[in-house]
Amino acid sequence: MSLYKAETRRLVKRRFTRLFVAGALVVLAAVAVGMFFTNQKVGPDQIARAQAQAQAEFEEVSKQVAQERKDCEAAKGTPSASRFPPNCDELQAPQPSDFNPKWHLPATFDFREKFPDMVTTLAALLALAAFVIGASYVGAEWNSGGMMNLLLWRPQRLRVLGTKLAALLVGLTALTVVTAAVWTAVFRLIAGLRGSAESMTSGAWQSIGLMELRALGLILVAGAVGFGLASLGRHTAMALGVVIGVIVVFQFGLGSVLALADVKFAEAYLVPVWVIAWMSKSIKIEDYNSCDFSAVSGCQPESITITWQMAGGVMAVVFLLVVTAAMWTMRKRDIT
Amino acid sequence: MLPKVSPVTAVLEIAGLQKTYRSRKGVRKALDGFDMYVEAGQVHGFLGPNGSGKTTTLRTLLGLIKPHGGRMAILGQEVPHHLPTVAGQVGAIVESPQFFGNFTANDTLSLLADAGDVDQSRVAEVLELVGLRDRAKDRVKTYSLGMKQRLAVASALLKDPKLLILDEPANGLDPGGIREMRTLMRNLAESGMTVVLSSHILGEIQLICDSVTIISAGRRVAAGSVADVLATHTSSAVKVRLEPGVDMGAAVALLRANGAQVAVEHDHFTVANAGNPAQITRILAEREIYLAELAPVAADLESVFLELTGTAPVEGQHRQVDETAMAPAPAQGGWGQ
């Protein structure tokens, strides 16, 4: 327990940890402030204004179509006739239903509709911070010789590395739970002031809760992978290098090559797609070059669906591989 | 067959320790059957030229490196198997002091105290002991090498260990600091602590240590009390100083012509193989060259070290780090032999 306490203290004391957490919170605050100011509450005044705008637009377009018809009739038998259809009745007058007043409503924060995107934003940002904090936490220890010092005190390699990882994961869990709670409360407030949360049912809240739980999973895996990679390379830069390598080689490089080679469902090879699948429960990828014919709906593109279970499986495999490799090398390699 | 652990008051015992590094360049034996024995309450000097295996020995002993053979015991417990049990009684610094630069000395020691179940009050005590009390709240990255060295010693002392292992503790210290360190080592030994001290400052070792082990090319080449090691390597060298104004070059040439091994210094010369110093006076007096001083050269630890490890500088040659005297394989291994 004393080692765990020391490691938790070390993690929290680190300037890098504090800086990155503060940075992530500032960005999240900026997102919340931005959402507050770009949305507004929709009341009877806004609805009436939107209806008036839709009506005005309908009338304007109706006038234009009537004028076009007149011009069409007048142009018959003249060289200008080519500008119009042969039958001027084809220029149909618009219907009032074509002009939806909703289009003229100001942006409003519908909690049920928009908050899931905010949870994804929170998860992505905290996952990035978790990866870097995890990598730096153990990478700096290796790099500075602190790990060797610690092992002179506690010559139990797996226990030391395992305790460090536990301290990191518990710390990240605490950070995520608190931040997610504040994030939810802030957006519920924004919805109250600049939108609506009326459509939230207990089922909808449960769904939000589960999504935030998946966000926690993503953040913990990101932290553990950063930690594991930096421990494998005994340097923070190792983890950051791997991530940059993955982005350059797999995301940009592989993405471009697969697109050029017209590979089916090329997006399925890209990490963000799997992250979205995890967070949004599923993602459907369509191959627009194919035709899956059906008598009812005609030619439809072929599609595959990546579910959150599939994405979770991939995350679990990556987590286990990296952490096991880090533990194995910790046990086997000389510490010089 | 592996040697048996001796039942006497050994705090540290190493027998037949082996460590081999394999790389694309080939195989290098860092430790080649190394033996070491340190008795309780001693200040023991651990000497060896660069690359001789000193740090590898200490790292292996402390569980940082896995050996390929041999046996080790600390406080009677076989290590590395029982290292977690004895670690609380061993304070160590290995090679240069390494700390996380953004933490203060206080934080650094406080975290170590937490990790090792040591009372936090001990932090202030050891900082006082090594003279860092007033700088305890400064970040370590602002420290000089000597201050980091003091902090490293403080971290090793934090556990109030029975065995203190210090690798180059005087490195970077100013003369006052070296003297303080010497006094500290002696006081610790008098309080019952056993201190193993690795250093290249041989004059210091000679002053502080009760016993020494000298390692070269991964093998022990000498061990025992400082007096014994010096006694077994007494030389027949004599220091010769001529009368002022006498041509020293001519005298040196004359002696060399008669088979003397002469090393010329600034205002005198030494004859290494002066079994019969009277021969020197006779040869020179025949040419009317008279001596102002003829004195035996007392063996010191430095000359013994250089002789045993074969690392004495040779004029016109640039010795490479791995060029050391290969110690003969010990006739028999064993604890404390």
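Analysis parameters
- Residues numbered from 1 in each chain as written.
- Chains lettered and ligands numbered in written order.
- Predicted model: local features only at pLDDT ≥ 70, side-chain atom pairs only at ≥ 80, totals over all residues.
- Heavy atoms only, no water.
- Helix = DSSP H or I, 4+ residues; strand = E, 2+ residues; numbered from the N terminus.
- Buried < 20%, exposed > 50% of the residue type's maximum accessible area, 1.4 Å probe, protein only.
- Contact = heavy atoms within 4.5 Å.
- Areas by Shrake-Rupley, 256 points an atom, 1.4 Å probe, with all protein chains shown as cover.
- Domains from an automatic or database assignment.
- Buried area = accessible area lost by both parts, 1.4 Å probe.
- Salt bridge = Lys/Arg side-chain N within 4 Å of Asp/Glu carboxyl O.
- Polar contact = N/O pair within 3.5 Å; in protein donor to acceptor, adjacent residues only side chain to side chain.
- Phe/Tyr/Trp six-rings, centres within 6.5 Å; stacked < 30°, edge-to-face > 60°.
- Pairing = 2+ DSSP bridges.
- Axes fitted to C-alpha atoms, helices over the stretch in contact; angles between N-to-C directions.
- Expected span 1.5 Å × (residues − 1).
- Parallel < 35°, antiparallel > 145°, perpendicular 65-115°, else oblique.
- Left-handed = near helix turned anticlockwise from the far one by under 90°.
- Nonpolar A, V, L, I, M, F, W, Y, C, P; charged D, E, K, R; others polar.

Asks: Please clarify how the overall build of chain B should be interpreted in this entry.
Replies: Helix and strand content of chain B: eleven helices and 14 strands. Out of the 337 residues in chain B, the part that is buried amounts to 49%. Considering only contacts within chain B whose residues lie at least 6 apart along the sequence, 68% involve residues at least 24 apart. Accessible surface, chain B as shown: approximately 15,900 Å² in total, 50% of it carbon and sulfur.

Asks: Just checking my understanding: could you explain the domain arrangement of chain A for this structure?
Replies: Reports often express the size of an interface as the amount of accessible area lost when the parts come together. Along its sequence, chain A is organised into domain 1 (3-40 + 109-332) and domain 2 (44-104). Placing the centre of domain 1 of chain A and that of domain 2 of chain A at their C-alpha centroids yields a distance of 50 Å.

Asks: Quick question: what am I supposed to make of the interface of chain A and chain B here?
Replies: Across the boundary between the two partners, chain A contributes 27 residues, which contact 33 residues of chain B. Of the roughly 2,800 Å² buried between chain A and chain B on both sides combined, carbon and sulfur atoms contribute 55%. Put simply, A:Lys5 and B:Asp114 hold a salt bridge, and the shortest N to O gap is 3.5 Å. At the boundary of chain A and chain B, one finds 14 residue pairs in polar contact (both at pLDDT 80 or more). Within the residue set of the side of chain A that touches chain B, elements represented by two or more residues are α1 (2-13), α4 (111-144), α5 (146-153) and α10 (308-332) of chain A.

Asks: Just to check I follow, could you spell out the packing of aromatic side chains for this structure?
Replies: Two measures describe an aromatic ring pair: the distance that separates the ring centres and the angle between the ring planes. Residues and elements named next belong to chain A. Across all of its chains, the model carries 13 aromatic pairs over all chains by this definition. Centre to centre, the rings of Phe111 and Phe115 are 4.6 Å apart; their planes meet at 10°, and the pair counts as stacked. Here Phe111 and its partner Phe115 are both found in helix α4, four residues apart, which amounts to about one turn of the helix. Take Phe111 and Phe115: they sit in the same class, and that class is buried. Note on Phe111 and Trp205: the rings are 5.2 Å apart at their centroids and 40° apart in plane angle, and the pair reads as tilted. Here Phe111 is found in helix α4, whereas its partner Trp205 is found in helix α7 (residues 202-233), with 94 residues between them in sequence. The partly exposed category is assigned to Trp205, whose relative accessible area is 34%. Members of the aromatic cluster, each reached through a chain of ring pairs, are Phe109, Phe111, Phe115, Trp183, Phe187 and Trp205.

Asks: Explanation requested: the sheet that holds strand β3 (residues 43-47) of chain B in the structure shown.
Replies: Residues and elements named next belong to chain B. Taken in spatial order, the six strands line up as β6-β7-β8-β3-β9-β10 in an open sheet, and their pairing is mixed. Looking at the sheet topology across the chains shown, the edges are occupied by β6 (90-93) and β10 (219-225). Mean inter-strand twist for the sheet, computed between neighbouring axes without regard to direction, equals 10°. Where strand β9 (residues 211-216) meets β10, six bridges bridge the pair, whose relative direction is antiparallel. If you follow Ser216 over to β10, its bridge partner there is Arg219.

Asks: I would appreciate a short explanation of the pattern of salt bridges in the present structure.
Replies: Side chains bearing opposite charge may pair, as long as their charged atoms lie close to each other. Applying the stated rule across the entire model yields 24 salt bridges over all chains. Residue A:Lys76 is joined to A:Glu73 by a salt bridge in which the shortest nitrogen-to-oxygen separation is 3.3 Å.

Asks: Teacher, can you tell me more about α10(A) here?
Replies: One turn of an α-helix holds 3.6 residues; hence residues three or four places apart share an orientation. Residues and elements named next belong to chain A. The end-to-end C-alpha distance of α10, which contains 25 residues, comes to 36 Å, matching closely the 36 Å that a straight helix rising 1.5 Å per residue would cover. Looking only at α10, the buried set comprises Ala311, Gly312, Met315, Val322, Val323, Ala326, Thr329 and Met330. In this structure, the buried side of α10 is in contact with α4, α5, α6 (157-194), α7, α9 (271-280) and β4 (298-307).

Asks: Looking at this model, I keep getting lost on the packing of α4(A) against α7(A). Mind explaining?
Replies: Two numbers describe a pair of packed helices, the interaxial angle and the distance between the axes. Residues and elements named next belong to chain A. Close contact between α4 and α7 brings their axes to 7 Å; oriented N to C, the two are set at 20°. With respect to α7, the axis of α4 lies roughly parallel. The element α4 and its partner α7 pack so that their crossing is right-handed. Looking at side-chain class alone, the contact of α4 with α7 contains 25 nonpolar, six polar and two charged residues.

Asks: What exactly am I supposed to notice about the packing of helix α9 (residues 248-257) of chain B against helix α10 (residues 278-286) of chain B here?
Replies: Residue and element names in this part refer to chain B. Two elements in contact, α9 and α10, have axes whose closest approach is 10 Å; the angle formed by their N-to-C orientations is 120°. It follows that α9 is oblique to α10 by the angle criterion. Considering only the axes of α9 and α10, their crossing is right-handed. Contacts from Ala251, Leu254 and Leu255 in α9 reach Ile280, Ile283 and Leu284 in α10. By residue class, the composition of the contact of α9 with α10 is six nonpolar, no polar and no charged.

Asks: Looking at this structure, I do not really get the sheet that holds strand β2 (residues 26-39) of chain B. What am I missing?
Replies: Hydrogen bonds between backbone atoms are what pair the strands of a sheet, whose relative direction is either parallel or antiparallel. Residues and elements named next belong to chain B. Sheet architecture is open: four strands sit in the order β2-β1-β4-β5, paired in antiparallel fashion. Of all strands in the sheet, those bounded by a partner on one side alone are β2 and β5 (77-79). Mean inter-strand twist for the sheet, computed between neighbouring axes without regard to direction, equals 25°. Where helix α1 (residues 54-61) meets the sheet, it contacts β1 (10-23), β2, β4 (69-74) and β5, and its direction lies at approximately 110° from that of β1.

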